[in-house]
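# A closer look at the structure
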Amino acid sequence: MTDLAGERERLVRSLARNGIGDERVLEAVARVPRERFVPQHLVGDAYADRALPIGEGQTVSQPWVVARMTELLDVRPTDHVLEVGTGSGYQAAVLAQLVHDVVSVERHAPLAESAAARLAELGYGNVRVVLGDASAGYAPDAPYDRIIVTAATPLIHPELAGQLAPGGRLVAPVGSEQVQELIVRHADGREERHGGVQFVPLLGRAGFRRDGERDGPPPGPR
Ligand code: SAH
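Residues numbered from 1 in each chain as written. Predicted model: local features only at pLDDT ≥ 70, side-chain atom pairs only at ≥ 80, totals over all residues. Heavy atoms only, no water.

### Concerning the overall build of the protein
Within the protein one finds 6 helices and 9 strands. The C-alpha radius of gyration of the protein comes to 16 Å, within 12% of the 17 Å expected for a compact globule of 222 residues. The contacts of the protein with a sequence gap of at least 6 include a subset with a gap of at least 24, amounting to 53%. Working note: accessible area of the protein is about 10,200 Å², and carbon and sulfur atoms make up 51% of it. Charge separation in the protein, taken as the distance between the mean sites of 24 positive and 30 negative side-chain charges, equals 2 Å. (Helix = DSSP H or I, 4+ residues; strand = E, 2+ residues; numbered from the N terminus. Rg over C-alpha atoms; globule rule 2.2 N^0.38 Å. Contact = heavy atoms within 4.5 Å. Areas by Shrake-Rupley, 256 points an atom, 1.4 Å probe, with all protein chains shown as cover. Lys, Arg positive; Asp, Glu negative; His and termini not counted. Charge placed at Lys NZ, Arg CZ, Asp CG, Glu CD.)

Quick look at the structure:
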């Protein structure tokens, strides 16, 4: 049998060695059983520091990227947080321990359903998974103290940025479908850049559109 707890500790030490300095973030990663968020046949890779497929052509991000984005979000225990792109629910589980509550939106019904069930089973009672397109945010629960976008986006849509509370901040991978840069956007419009990353694309109304997408027309002349 593999020693998953030992592997998790090793992963946390490697995150610390690789520049994750926020102790609270490291502790949160140390408490989340990532093996529960990956497909059964990949459990042995759960604590490798790399992205893993989770079905529907999507991936759970590399732990270092999850930790880095959480650190950049600079959360407080009272924060009301929006996550765009629930995927497996792993990032939401890490955040759940550090904030008041997380609203996490996912456009793929099977992923939303399994993430919601998994998060409930593991006792993350302050995460609510919503099925839908959140490329332009999720207005019903706005404003948010923090917003995290976990899919590659061509731009930070004004409607999404408009859902930030005063003093809030948003973290997103912004760029092309192939490569993006982590951007921190403050509610007052200031932006910081934090290095290159690779995410699966944000789809839907304000994301990248693709031929054959069911929820939007293919690109055409405007
Ligand atoms: N945070 C996730 C990984 C996200 S992968 C985790 O911890 O596992 C990106 C996810 O964003 C995918 O599941 C994808 O289906 C979802 N997604 C893409 N476009 C979206 C949109 N417009 N609204 C909501 N979710 C979206």
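### Examining empty space enclosed by the protein
This structure, assessed with the given rule, holds 2 cavities of 30 Å³ or more. Reported here for the largest cavity is a volume of approximately 340 Å³. Gly85, Thr86, Gly87, Glu106 and Thr150 are the residues nearest the centre of the largest cavity, which is lined by 29 residues in total. Where the lining of the largest cavity is concerned, the elements lending two or more residues are β2 (58-60), β3 (80-84), α4 (90-96) and β4 (101-106). Tallying contributions element by element places β2 first for the lining of the largest cavity, with 3 residues. Each residue belonging to the lining of the largest cavity can be placed in one class, and the counts come to 12 nonpolar, 13 polar and 4 charged. (1 Å grid on protein atoms, 1.4 Å probe; cavity = no way out; pocket = protein on both sides within 12 Å on 5 of 7 lines; lining within 4 Å. Points joined across faces, edges and corners; volume = space filled by probe spheres on them. Nonpolar A, V, L, I, M, F, W, Y, C, P; charged D, E, K, R; others polar.)

### Observations concerning the site of the ligand
Around the ligand lies a shell of 26 residues, among which Ser88, Glu106, Asp133, Ala134 and Leu203 are the nearest. One of the side-chain nitrogen or oxygen atoms of Glu83 is found 3.0 Å away from a nitrogen atom of the ligand. Here a nitrogen atom of the ligand sits 3.0 Å away from a polar atom, N or O, in the main chain of Gly85. Out of a free accessible area of 590 Å², the ligand has 99% covered by protein chains. Among the cavities detected, the one that contains the ligand is the largest cavity. The dominant element in the shell around the ligand, judged by the number of residues it contributes, is β2, at 3 residues. (Near = heavy atom within 4 Å. Polar contact = N/O pair within 3.5 Å; in protein donor to acceptor, adjacent residues only side chain to side chain. Sits in = over half its atoms within 2 Å of the grid points.)

### Structural notes on the sheet that holds strand β6 (residues 144-149)
Reading across the sheet, the 7 strands line up as β5-β4-β3-β6-β7-β8-β9 and stay open at both edges, with mixed pairing between neighbours. The open sheet has two free edges, formed respectively by β5 (127-131) and β9 (191-197), since each of these has just one partner strand. When strand polarity is set aside, the average angle formed by the axes of neighbouring strands in this sheet is 15 degrees. The sheet contact formed by β4 and β5 spans 5 bridges and is parallel. Considered in β5, the bridge of Val102 is made with Val127. Sheet strands touched by helix α3 (residues 63-73): β6, β7 (164-175), β8 (180-186) and β9. Its angle to β7, the strand with the most contacts, is close to 150 degrees. (Pairing = 2+ DSSP bridges. Axes fitted to C-alpha atoms, helices over the stretch in contact; angles between N-to-C directions.)

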